[in-house]
Amino acid sequence: MCEYCGCQALATIDELTREHDFVVGLISDVRGARADADIPRMAELARQIAAVLGPHTEVEEHGLFPALADDFPDHIAVLEAEHRRVEAVLGEASPGTPTDPAWPARLAEALQMLREHILKEQDGVFPAALASLEVADWEKAEAVRNRVGSMLTGSGGGRPRLP
């Protein structure tokens, strides 16, 4: 993904980017499961994506986004709305495999939007954050990360690493 502005040199952005990369890989796996008509596998992958995005979204919405909201209110509002839309579709798989025959198509659509969303963040939000956030803003984002942890590292919040 993005490597041109140097924002990944910051631990906060590096971790968010690694989570994006992991989720993109899972999105690819969902496409394969859908091609195989393996709805239970799609549901399991949706739960894995949701597990990664839980703490990830906390860091964005309570760490980075507040510091950017004054300068980019409309953009931040769109990103937060997209978070809610993706969470809703992923959440349909939280209790098990959804039985609604339209769910696989909804999931595919939500994951396509998520893929585009990731590009917006990496090509827009992260470089903007690098250019405009103050040390206190980065410390706040790191405090959120320390509180919620990461599903990729198993750090903070008692959350385990994904298989």
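All values reported here derive from a predicted model rather than from experimental measurement.

Engineer: Is there a simple way to think about the nonpolar core in this case?
Structural biologist: The nonpolar side chains of a soluble globular protein tend to be buried, and buried together. Counting 25 residues, the largest nonpolar core has Val 23, Ile 49, Leu 90, Trp 103, Leu 107, Leu 111 and Leu 114 as its most contacted members. Looking at this core, the elements with two or more residues in it are α1 (11-35), α2 (39-68), α3 (73-91) and α4 (103-132). For Trp 103, the contacting residues outside a window of four places in its chain are Ile 39, Met 42, Ala 43, Ala 46, Val 89, Glu 92, Ala 93 and Pro 98. Formed by 16 residues, the second largest nonpolar core is a distinct cluster that contains Val 59, Leu 64, Ile 76 and Val 148.

Engineer: What exactly am I supposed to notice about the packing of α1 against helix α5 (residues 135-148) here?
Structural biologist: Think of two packed helices as two axes; the pair is described by the angle between the axes and how far apart they sit. At a minimum axis separation of 9 Å, α1 and α5 run at an interaxial angle of 45°. The angle between α1 and α5 falls in the class oblique. Counted together, Ala 11, Thr 12, Ile 13, Glu 15, Leu 16 and Glu 19 of α1 and Trp 138, Ala 141, Glu 142 and Arg 145 of α5 form the full contact between these two elements.

Engineer: Even after reading the chapter, I still don't get the side chain of Arg 145, so can you show me in this structure?
Structural biologist: With respect to the element layout, Arg 145 can be found in helix α5. On the basis of relative accessible area, Arg 145 is assigned to the buried category, the value being 8%. Of the polar contacts made by the side chain of Arg 145, one reaches the side chain of Glu 19; its length is 2.8 Å. Excluding anything up to four places from it in sequence, Arg 145 contacts Glu 15, Leu 16, Glu 19, Pro 55, His 56, Val 59 and Ser 150.

Engineer: Before we go on, may I ask you to explain the confidence of the model for the protein chain in this structure?
Structural biologist: Interpretation of the predicted coordinates at a detailed level should be avoided for regions scoring low in pLDDT. Looking at the protein chain as a whole, the pLDDT averages 90, with 88% of positions reaching at least 70. Mean pLDDT in the protein chain bottoms out at α5, which sits at 94, and peaks at α3, which reaches 98. The model gives residues 5-9 a pLDDT under 50, and that stretch makes 12 contacts with residues more than four places away or in other chains. pLDDT under 50 marks residues 156-163. Its contacts with residues more than four places away, or in other chains, come to 22 contacts.

Engineer: What is the right way to look at the environment of Pro 40 in this model?
Structural biologist: If you trace the backbone, Pro 40 turns up in helix α2. According to the relative accessible area criterion, Pro 40 is partly exposed, its value standing at 47%. Between the alpha carbons of Pro 40 and Thr 97 there is a distance of 5.4 Å; along the sequence they are 57 residues apart.

Thresholds, definitions, all that
Residues numbered from 1 in each chain as written. Predicted model: local features only at pLDDT ≥ 70, side-chain atom pairs only at ≥ 80, totals over all residues. Heavy atoms only, no water. Core = buried A, V, L, I, M, F, W, Y, C linked by side-chain atoms within 4.5 Å. Buried < 20%, exposed > 50% of the residue type's maximum accessible area, 1.4 Å probe, protein only. Helix = DSSP H or I, 4+ residues; strand = E, 2+ residues; numbered from the N terminus. Contact = heavy atoms within 4.5 Å. Axes fitted to C-alpha atoms, helices over the stretch in contact; angles between N-to-C directions. Parallel < 35°, antiparallel > 145°, perpendicular 65-115°, else oblique. Polar contact = N/O pair within 3.5 Å; in protein donor to acceptor, adjacent residues only side chain to side chain. pLDDT = per-residue confidence, 0-100.

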